[in-house]
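Fold and geometry: a report
Below are the chains, spelled out letter by letter.
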Amino acid sequence: NAGVTQTPKFQVLKTGQSMTLQCAQDMNHEYMSWYRQDPGMGLRLIHYSVGAGITDQGEVPNGYNVSRSTTEDFPLRLLSAAPSQTSVYFCASSSSEGTDTQYFGPGTRLTVL
Amino acid sequence: KNQVEQSPQSLIILEGKNCTLQCNYTVSPFSNLRWYKQDTGRGPVSLTIMTFSENTKSNGRYTATLDADTKQSSLHITASQLSDSASYICVVSAGSSASKIIFGSGTRLSIRP
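Okay, so let's go over this structure. (Residues numbered from 1 in each chain as written. Chains lettered and ligands numbered in written order. Predicted model: local features only at pLDDT ≥ 70, side-chain atom pairs only at ≥ 80, totals over all residues. Heavy atoms only, no water.)

With that settled, the discussion passes to unusual backbone geometry. Excluding glycine, most residues fall at negative phi; most peptide bonds, likewise, are trans. Residues and elements named next belong to chain A. Looking along the chain, the bond that leaves Thr 7 and enters Pro 8 is cis, with omega of -5°. Summarising the element assignment, Pro 8 is placed in the loop between strand S1 (4–7) and strand S2 (10–13). Its identity as a non-glycine residue notwithstanding, Asn 28 has a phi of 60°, on the positive side. Looking at Asn 28, the relative accessible area reads 58%, which means it is exposed. (Helix = DSSP H or I, 4+ residues; strand = E, 2+ residues; numbered from the N terminus. Buried < 20%, exposed > 50% of the residue type's maximum accessible area, 1.4 Å probe, protein only.)

With that settled, the discussion passes to the packing of aromatic side chains. Summed over all chains, the structure comprises eight aromatic pairs over all chains. Ring geometry for Tyr62(B) against Tyr88(B): centres 6.1 Å apart, planes inclined by 45°, an arrangement best described as tilted. Of this pair, Tyr62(B) sits in strand S7 (residues 62–67) while Tyr88(B) sits in strand S9 (residues 86–93), and the two are 26 residues apart along the sequence. The same class applies to Tyr62(B) and to Tyr88(B), which are both buried. Connected via pairs of aromatic rings, a cluster forms that spans Tyr35(A), Phe104(A), Tyr36(B) and Phe103(B). Sitting over the face of the ring of Phe74(A), Arg68(A) holds its NZ or CZ atom 5.9 Å from the ring centroid. (Phe/Tyr/Trp six-rings, centres within 6.5 Å; stacked < 30°, edge-to-face > 60°. Lys NZ or Arg CZ within 6 Å of the ring centre and 35° of its normal.)

Below, the discussion takes up the sheet that holds strand S3 (residues 19–26) of chain B. Residue and element names in this part refer to chain B. Overall, antiparallel pairing links the five strands, which are arranged S1-S3-S8-S7-S6 in an open sheet. The open sheet has two free edges, formed respectively by strand S1 (3–7) and strand S6 (56–59), since each of these has just one partner strand. Put simply, the sheet's adjacent strands are angled 15° from each other on average, direction ignored. (Pairing = 2+ DSSP bridges. Axes fitted to C-alpha atoms, helices over the stretch in contact; angles between N-to-C directions.)

Just distances and angles here, no functional claims.
Quick look at the structure:
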């Protein structure tokens, strides 16, 4: 099993550009989440999904969209990138929603100029 | 407000020595507490997960303790190795929703030869 995969690993955007961060898992997990990690702060939840076709907002959803058309994939879209979105983004999956071990992808380091 | 506080923020020890990392939380209701290890440039990896009724759990040289009464947890690393250099993140779940998972900001541990 590849576990949780994320692409790209690094990305540089200009302010106002849009892009999609890809996340896929091959563990047949229903629950997937997107987090951002900033220096000196804990991971913060952006959006999460409890199954295909179902998504919900986390703590910091503004400026981001998600969709979950399949169990395996959970892409994160930046609509109009801003310097405040410079961060490291992690995708995670688990077999139960809040009480089970989460498996994290390797992360995407995004810089917005 | 649900919070997870970790101390120290950073720690440097010599290879072969033991160390203990602390986690205090003000999370209610409590579901479980997890410790993750995050190597530089990688996603977090689960070390232990403890529920309310468990007060200690080991994973090799890592031993986590939980005092649910005082809302404190510790992670003890025995006979440290250079590969233990990483950030250690305490995570507390306040229920069954992904939106109820609270991350600490981590302790950065450096092992010197």
